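A look at the structure
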Amino acid sequence: MGITIASSSTFWEFPSSDVTILEGHSSEVFNCSWSPTGSLLASGSGDSTARIWTIPDGPCTSETHSGPPKALVLKHNKRSKDVTVLDWNGEGTLLATGTYDGQLRIWSKDGKVGLDLFFCLYENLQIINYAFSKGMSQ
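The structure contained in this document is the topic of the report that follows. (Residues numbered from 1 in each chain as written. Predicted model: local features only at pLDDT ≥ 70, side-chain atom pairs only at ≥ 80, totals over all residues. Heavy atoms only, no water.)

1. Here's the deal with the environment of G92
Threshold: Numbered from the N terminus, helices here are DSSP runs of H or I no shorter than four residues, and strands are runs of E no shorter than two. Buried residues are those whose accessible area, probed at 1.4 Å on protein chains only, stays under 20% of the maximum for their type, while exposed residues exceed 50% and partly exposed ones sit between those limits. Contacts are assigned to residue pairs that have any heavy atoms within 4.5 Å of one another.
Here G92 shows up in the loop between β7 (83-88) and β8 (94-99). With relative accessibility at 1%, the residue G92 sits in the buried group. In this structure, G92 is in contact with S35, P36 and K109, ignoring residues within four places of it in sequence.

2. Quick look at the nonpolar core
Worth spelling out the cut-off: Here, nonpolar core means buried Ala, Val, Leu, Ile, Met, Phe, Trp, Tyr and Cys residues that are tied together by side-chain atoms lying within 4.5 Å of each other.
Within the largest apolar cluster, 10 residues are counted, these being L40, A42, A50, I52, L74, V83, L86, W88, L95 and W107. Those elements giving two or more residues to this core turn out to be β4 (40-45), β5 (49-54) and β7.

3. A word on the sheet that holds β5
The strands making up a sheet associate through hydrogen bonds between their backbones, and the pairing can be parallel or antiparallel. Put simply, the rule is: Strand pairing is assigned whenever DSSP detects at least two bridges linking the two strands. Throughout, an axis means a line fitted to C-alpha atoms (over the contacting stretch in the case of helices), and angles, computed between N-to-C directions, take values from 0 to 180 degrees.
Judged by pairing direction, the sheet is antiparallel, and its four strands sit side by side in the order β3-β4-β5-β6 without closing on themselves. Taken across any chain shown, the strands that pair with only one partner, and hence form the sheet edges, are β3 (29-34) and β6 (71-75). Neighbour-to-neighbour, the strand axes of the sheet open up by a mean angle of 20 degrees, direction not taken into account. Direction of pairing for β5 relative to β6: antiparallel, over a ladder of five bridges.

4. Quick look at the pairing of β8
The buried fraction of β8 is high, at six of six residues. Here β8 shows a buried face lined by L94, A96 and G98 and a second buried face lined by L95, T97 and T99. Judged from the five bridges that link them, β7 and β8 form a sheet pairing that is antiparallel. Among the inter-strand pairings, L86 is bridged to a residue of β8, identified as T97. A loop of five residues connects β7 with β8, the two strands running antiparallel in sequence, and G92 in this loop sits at a positive phi of about 75 degrees. Hairpin connection between β8 and strand β9 (residues 103-108): a loop of three residues separates the two successive antiparallel strands, and G102 in this loop has a positive phi of roughly 100 degrees.

Here it is, written out as structure tokens:
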């Protein structure tokens, strides 16, 4: 049994041996973002976490990898909900995460919080987009 992906009128089928399933989030995943370095994949979920997955180079087969990739869990406050925005800086050293209820955090790639902002307004503020400016590395 393989995995089938449909896009418009095109279908691709991948054998199960070529697919790695990343397990860990306890709710739906809203987005993913590859680091510019290519070996790190960030995911944001409705479980109030983002995760940084280290993805080995090359095909993901049982002969080349032992078990699924491990993830570094980035926890937002309990009052924060869906992690809806992810963006890496140009060097792949910082990850920005934004939540549906207005929390923005900037993390190092090893999971340390460098900046923590919470937008508190009379109206509900949703962070729906964020991007690093060119050259931001610290």
